[in-house]
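Spelled out, the chains give:
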2 protein chains.
Amino acid sequence: MTIEIGPRLKTVRKNFQLSQRELAKKSGVTNATISLIEKNKVSPSVSSLKKVLDGLPMSLAEFFTFESEEISEQVYYKQSDQPDVGSGEIHFHLIGANRFNRKMCVLREILLPGADTGEEMLQHDGEESGVIMKGQIELTVGEKVRVLTEGEGYYFDSHIPHRFRNVGDEEAIIVSANTPASF
Amino acid sequence: MTIEIGPRLKTVRKNFQLSQRELAKKSGVTNATISLIEKNKVSPSVSSLKKVLDGLPMSLAEFFTFESEEISEQVYYKQSDQPDVGSGEIHFHLIGANRFNRKMCVLREILLPGADTGEEMLQHDGEESGVIMKGQIELTVGEKVRVLTEGEGYYFDSHIPHRFRNVGDEEAIIVSANTPASF
DNA sequence: AAGAAATGTTAAATATAATTTACAAAAATG
DNA sequence: CATTTTTGTAAATTATATTTAACATTTCTT
């Protein structure tokens with residue numbers, strides 16, 4: 001009942017050049033189960049889907065990671081093509097905003113003096129990294145606090161509470177990236 | 001029963017700061033289902049797992065790729081912590097080089113005048129994006145050619161043949177990101 | 001402190017997935 | 001060409017997932 005995981009399984013199985021019964025044998029489910037899944041008559045439990053994929057072998061992550069589109073898209077992004085997805089004293093200029101199925105966000109960030117993402121700390125999925133290009137940025141990650149200056153970088157897991165603060169008296173510029181895309 | 005998808009769901013749900021009931025409401029399954037899944041008492045069908053994840057939202061691919069590592073790792077990378085993974089007239093200073101299981105590369109690139117990735121064009125897996133912070137960069141992507149200057153950006157699929165060239169008479173600086181990680 | 005609202009868990013009922021068994025069509029074998 | 005083997009599919013049974021409804025606990029209000 002979900003997406004077309006049935007046809008997808010069929011494609012994958014064919015790639016491995018196995019019949020339903022051969023795969024059934026290697027994976028420990030019955031051939032009928034494989035038939036039902038491939039025809040989208042059932043939505044397999046992840047345990048049985050995993051069994052099936054183990055027989056190929058292929059991981060669940062691989063299975064669900066589908067091919068990216070092949071459409072010709074915009075490549076160059078001048079400043080006016082970089083929408084500001086920030087707010088207040090923080091400007092996030094997003095590169096590649098209009099692209100389909102982006103896997104990351106690259107941002108040209110401008111933080112006015114005193115800009116602060118806030119005491120409540122940010123916390124979200126994914127990971128992020130960047131480089132300070134100008135100014136003085138105080139970066140808090142979990143228990144750690146540090147002021148970074150031009151040329152210095154950072155990389156951390158976004159699940160860890162974090163906070164950016166422009167502690168200099170001029171504007172600060174950061175180029176950052178995060179994946180998966182959050183804007 | 002497959003792997004510990006229960007605890008994983010719980011972690012993810014907590015990251016989104018939702019209760020079982022809140023998530024149940026957003027996703028269209030009952031809170032009991034979420035409880036049973038999180039305690040590994042059942043192996044959900046992929047259709048219901050997808051419903052649940054849609055409520056967060058998170059894709060199946062992300063969910064199964066999600067690393068539950070929570071190890072404390074290096075966060076700050078001063079210039080001397082950024083190994084130069086480039087060569088010749090091109091310097092690639094890698095942020096987060098020593099991190100385990102990175103999903104992307106963030107690079108502070110310095111291209112000396114005349115630097116050129118070469119006529120044979122680069123081509124590889126993944127996608128890449130960046131911002132020009134200084135200088136004049138001619139970027140070729142497929143059939144397209146263009147000179148980018150300070151503040152301008154790019155984003156393209158790395159399967160498409162591409163080439164970077166510093167066409168100015170001073171050094172150029174780019175901050176770039178690519179995923180999945182290639183260095 | 002008492003009541004209300006929200007939290008996660010569980011038992012029984014219901015809905016759905018998986019197996020067993022069987023069938024028909026295609027491919028392989030003699 | 002006839003027979004055997006292999007293929008994918010389907011019906012009925014069994015096993016499992018999901019819902020409904022209830023239960024304790026904790027957290028928030030007043």
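Residues numbered from 1 in each chain as written. Chains lettered and ligands numbered in written order. Predicted model: local features only at pLDDT ≥ 70, side-chain atom pairs only at ≥ 80, totals over all residues. Heavy atoms only, no water.

## Details of the overall build of chain A
Within chain A, the secondary structure is distributed over five helices and nine strands. Per element, the accessible surface of chain A, about 8700 Å² overall, is 50% carbon and sulfur. (Helix = DSSP H or I, 4+ residues; strand = E, 2+ residues; numbered from the N terminus. Areas by Shrake-Rupley, 256 points an atom, 1.4 Å probe, with all protein chains shown as cover.)

## Brief notes about the protein's contact with DNA strand C
Near DNA strand C, the surroundings consist of 20 residues, among which Thr33, Ser43 and Ser48 of chain A together with Gln20 and Arg21 of chain B are the closest. Taken together, the sugar and phosphate atoms account for 65% of what DNA strand C places within 4 Å of the protein. In the model, a phosphate oxygen of DNA strand C is placed 3.1 Å from a nitrogen or oxygen of the Ser45 of chain A main chain. A distance of 3.2 Å is found between a base oxygen of DNA strand C and a side-chain nitrogen or oxygen belonging to Asn31 of chain B. Residue composition of the surface near DNA strand C, grouped by class: six nonpolar, nine polar and five charged. (Near = heavy atom within 4 Å. Polar contact = N/O pair within 3.5 Å; in protein donor to acceptor, adjacent residues only side chain to side chain. Nonpolar A, V, L, I, M, F, W, Y, C, P; charged D, E, K, R; others polar.)

## As for the sheet that holds strand 6 (residues 144-148) of chain B
All names here are of chain B. The strand order 6-5-8 describes an open sheet built from three strands, whose pairing is antiparallel. Both edges of this open sheet fall to strand 6 and strand 8 (162-166), since each of them pairs with a single strand only. Pairwise comparison of adjacent strand axes, ignoring direction, gives a mean angle of 15° for this sheet. Where strand 5 (residues 137-141) meets strand 6, five bridges bridge the pair, whose relative direction is antiparallel. Each bridged residue has a counterpart across the sheet, and for Thr140 the counterpart in strand 6 is Val145. (Pairing = 2+ DSSP bridges. Axes fitted to C-alpha atoms, helices over the stretch in contact; angles between N-to-C directions.)

## Considering the protein's contact with DNA strand D
Around DNA strand D sit 20 residues in total, of which Gln20 and Arg21 of chain A together with Thr33, Ser45 and Ser48 of chain B are the nearest. Sugar plus phosphate: this is where 63% of the atoms of DNA strand D within 4 Å of the protein reside. In the environment of DNA strand D, a phosphate oxygen lies 3.4 Å from a nitrogen or oxygen atom belonging to the side chain of Lys41 of chain A. Of the residues assigned to the surface near DNA strand D, the class counts are six nonpolar, nine polar and five charged.

## Some details on the pairing of strand 3 (residues 105-111) of chain A
Residues and elements named next belong to chain A. Across the seven residues of strand 3, seven count as buried, placing the element largely inside the fold. Across the two faces of strand 3 the burial is the same, with Cys105, Leu107, Glu109 and Leu111 and Val106, Arg108 and Ile110 all buried. With six bridges joining them, strand 2 (residues 90-95) and strand 3 adopt antiparallel strand pairing. Residue pairing across strands places His91 opposite Ile110, the latter belonging to strand 3. By the bridge criterion, seven bridges tie strand 3 to strand 9 (residues 172-179) in an arrangement that is antiparallel. Opposite Glu109, over in strand 9, you have Ile174 as the bridge partner. (Buried < 20%, exposed > 50% of the residue type's maximum accessible area, 1.4 Å probe, protein only.)

## A few points about the sheet that holds strand 5 (residues 137-141) of chain A
Residues and elements named next belong to chain A. The three strands are arranged 6-5-8 in an open sheet whose pairing can be described as antiparallel. The outermost strands of the open sheet, each flanked by one partner alone, are strand 6 (144-148) and strand 8 (162-166). The sheet shows a mean angle of 15° between the axes of neighbouring strands, taken without regard to direction.

## Details of the nonpolar core
Grouped together as the largest cluster of nonpolar side chains are 38 residues, with contacts concentrated most on Leu49, Phe63 and Phe64 of chain A together with Leu49, Phe63 and Phe64 of chain B. Residues contacting Leu49 of chain A, with those up to four places away along its chain left out, are Ile5, Pro44, Leu60, Phe63 and Phe64 of chain A together with Val46 of chain B. (Core = buried A, V, L, I, M, F, W, Y, C linked by side-chain atoms within 4.5 Å. Contact = heavy atoms within 4.5 Å.)

## Quick notes on unusual backbone geometry
What is expected of a backbone is that most residues other than glycine have negative phi and most peptide bonds are trans. All names here are of chain A. Backbone geometry at Asn40 places phi at a positive 60°, although glycine is not the residue there. Position of Asn40 among the secondary structure elements: in the loop between helix 3 (31-38) and helix 4 (46-54). For Asn40, a relative accessible area of 29% gives the class partly exposed.

## Some thoughts on the packing of helix 2 (residues 20-27) of chain B against helix 3 (residues 31-38) of chain B
When two helices pack together, their arrangement is captured by the angle between the axes and the distance separating the axes. All names here are of chain B. Between helix 2 and helix 3, whose axes approach to 8 Å, the crossing angle comes to 115°. Viewed along their axes, helix 2 and helix 3 form a crossing whose handedness is right-handed. For the pair helix 2 and helix 3, contact is made by Gln20, Arg21, Leu23 and Ala24 and by Asn31, Ile34, Ser35 and Glu38, respectively. (Left-handed = near helix turned anticlockwise from the far one by under 90°.)

## Observations concerning the environment of Lys10 of chain B
Relative to the helices and strands, Lys10 of chain B is located in helix 1 (residues 5-15). In sequence terms Lys10 of chain B and Ile34 of chain B are 24 residues apart; their C-alpha atoms lie 8.8 Å from each other.

## Overview of the packing of aromatic side chains
All names here are of chain A. The full count for this structure, using the stated rule, is five aromatic pairs over all chains. Residues Phe63 and Phe64 carry aromatic rings whose centres are separated by 5.3 Å and whose planes lie at 80° to one another, so their mutual orientation is edge-to-face. For the pair Phe63 and Phe64, one class covers both residues: buried. A centroid spacing of 5.4 Å and a plane angle of 65° characterise the contact between Tyr154 and Phe164, whose relative ring orientation is edge-to-face. (Phe/Tyr/Trp six-rings, centres within 6.5 Å; stacked < 30°, edge-to-face > 60°.)

## With respect to the side chain of Glu128 of chain A
Its location among the elements puts Glu128 of chain A in strand 4 (residues 127-134). Looking at Glu128 of chain A, its side chain comes within polar contact range of the side chain of His162 of chain A, at 3.1 Å. Once residues lying within four places of it in the same chain are set aside, the contact partners of Glu128 of chain A are Tyr154, Tyr155, Phe156, Ser158, His162, Phe164, Ala177 and Asn178 of chain A together with Met104 of chain B.

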